[in-house]
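# Residue-level structural notes
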Amino acid sequence: MTLIWGRITSINVRKVIWTLQELGLPFERKDAGAAFGVVHTDEYAQLNPNRLVPLMVQGERTLWESNVIVRYLCAAEQRLCPADPWLRADAERWMDWQQTTFSPAGRDAFIQLFRKPEGAPNMTKVQASVNATRPFLDMLDRHLSQRPFLAGDEFGMADIPMGCEVHRWKGLPIAHSTRPHLDRWYAAVSQRSATRGVLDVPLA
């Protein structure tokens, strides 16, 4: 049995739960992080010294970092993960891009509009985040005009992190431009049965 520590409102926890459901693997999830606490305990830090979520526990083994967990699960099951090294690298490129480029650009808009750390949204920060994200959305739209999914003709592990990211972006109370290829892709991935309990959970 796989145990996942982390609240489902975390985008990084959502990636892992979606993957487990795509693969049909049994798991248990326990709330941790934010208002649930747990992550600041010494016991948790022994398993995940970053004190973040998600944390995956399988017997005596532990793994943290959401996209790494997604990769591991797909590789272990030999599903959603290309066997060809070049194709796998292509999928991993988009997964890394989600974490290192797209997510940092859009993070301030989400934090300000939903977490409101200063009591009220700082709209200057929101607009800067929106401006930073738009070119990446355009880039995705162009990329998806040439293929049905991020890394080729079939749904795969690369689509899961970006699917969670676009879900969060589209949930922001801002004006959203139409991007036909990106919108087509997102409609396809978000309607998958494995997204139930993941992408239908409100942002928080």
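Anything mentioned here points back to the structure above.
Summary of the structure given here. What you are looking at is a predicted structure, and each value in this text was computed from that prediction instead of being measured.

All right, on to the packing of helix 4 (residues 85-115) against helix 5 (residues 123-144) then. At their nearest, the axes of helix 4 and helix 5 sit 7 Å apart, and the two run at 145° to each other. Two packed elements cross with a definite hand, and for helix 4 against helix 5 that hand is left-handed. Contacts between helix 4 and helix 5 involve Trp-94, Trp-97, Thr-101, Phe-102, Ala-105, Gly-106, Arg-107, Asp-108, Ala-109, Gln-112 and Leu-113 on the former and, on the latter, Met-123, Lys-125, Val-126, Ser-129, Ala-132, Thr-133, Phe-136, Leu-137, Met-139, Leu-140 and His-143. Of the residues in the contact of helix 4 with helix 5, the class split is 13 nonpolar, six polar and three charged.

Of note, Leu-140 is situated in helix 5. Overall, Leu-140 belongs to the buried group, its relative accessible area being 0%. For the pair formed by Leu-140 and His-181, sequence separation is 41 residues and the distance between their alpha carbons is 8.2 Å.

Attention now moves to the pattern of salt bridges. On inspection of all chains with the given rule, the structure shows ten salt bridges. When the shortest N-O distance is used, the salt bridge between Arg-168 and Glu-165 registers 3.4 Å. Here Arg-168 pairs with Glu-165, and both are found in helix 6 (residues 159-170), just three residues apart, close to one helical turn. Assigned by exposure class, Arg-168 and Glu-165 land together as buried. One connected set of salt bridges, linked through shared partners, spans Arg-71, Arg-88, Glu-92 and Asp-96.

Let us now look at the pairing of strand 2 (residues 27-30). Relative to strand 2, strand 1 (residues 2-5) runs parallel, the two being bridged by four bridges. Of the residues in strand 2, the one forming a bridge with Trp-5 is Lys-30. Each parallel crossover has a hand, and the one from strand 1 via helix 1 (residues 11-23) to strand 2 is right-handed.

The next point concerns helix 5. In an α-helix, one turn spans 3.6 residues, which is why side chains three or four residues apart end up on the same side. Under the 1.5 Å per step criterion, the end-to-end length of helix 5 is 31 Å for 22 residues, consistent within 8% with the ideal 32 Å. The sharpest bend along helix 5 measures roughly 25° and falls at Thr-133, with the proline Pro-135 sitting one to four residues further on. For helix 5, every residue scored as buried is listed here: Val-126, Ser-129, Val-130, Thr-133, Leu-137, Leu-140, Asp-141, His-143 and Leu-144. Against helix 4, helix 6 and helix 7 (180-190) lie the buried residues of helix 5.

Before going further, it helps to spend a moment on the packing of helix 1 against helix 6. As a packed pair, helix 1 and helix 6 sit with axes 9 Å apart at the nearest point and diverge in direction by 130°. With respect to their mutual orientation, helix 1 and helix 6 come out oblique. Helix 1 and helix 6 meet at a crossing whose hand is right-handed. Along the contact surface, helix 1 presents Ile-11, Arg-14, Lys-15, Trp-18, Thr-19 and Glu-22, while helix 6 presents Asp-159, Ile-160, Pro-161, Gly-163, Cys-164, Glu-165, His-167 and Arg-168. Broken down by class, the residue content of the contact of helix 1 with helix 6 amounts to five nonpolar, three polar and six charged.

With an omega of 5°, the peptide bond between Val-53 and Pro-54 qualifies as cis. As for its placement among the helices and strands, Pro-54 is situated in the loop between helix 2 (42-47) and strand 3 (55-58). Backbone geometry at Ala-34 places phi at a positive 55°, although glycine is not the residue there. Mapped onto the secondary structure, Ala-34 falls in the loop between strand 2 and helix 2.

The rules behind the values
Residues numbered from 1 in each chain as written. Predicted model: local features only at pLDDT ≥ 70, side-chain atom pairs only at ≥ 80, totals over all residues. Heavy atoms only, no water. Axes fitted to C-alpha atoms, helices over the stretch in contact; angles between N-to-C directions. Helix = DSSP H or I, 4+ residues; strand = E, 2+ residues; numbered from the N terminus. Left-handed = near helix turned anticlockwise from the far one by under 90°. Contact = heavy atoms within 4.5 Å. Nonpolar A, V, L, I, M, F, W, Y, C, P; charged D, E, K, R; others polar. Buried < 20%, exposed > 50% of the residue type's maximum accessible area, 1.4 Å probe, protein only. Salt bridge = Lys/Arg side-chain N within 4 Å of Asp/Glu carboxyl O. Pairing = 2+ DSSP bridges. Right-handed = clockwise from strand over helix to strand, strands pointing away. Expected span 1.5 Å × (residues − 1). Bend = angle between axes of the 7 residues up to and from the residue. Parallel < 35°, antiparallel > 145°, perpendicular 65-115°, else oblique.

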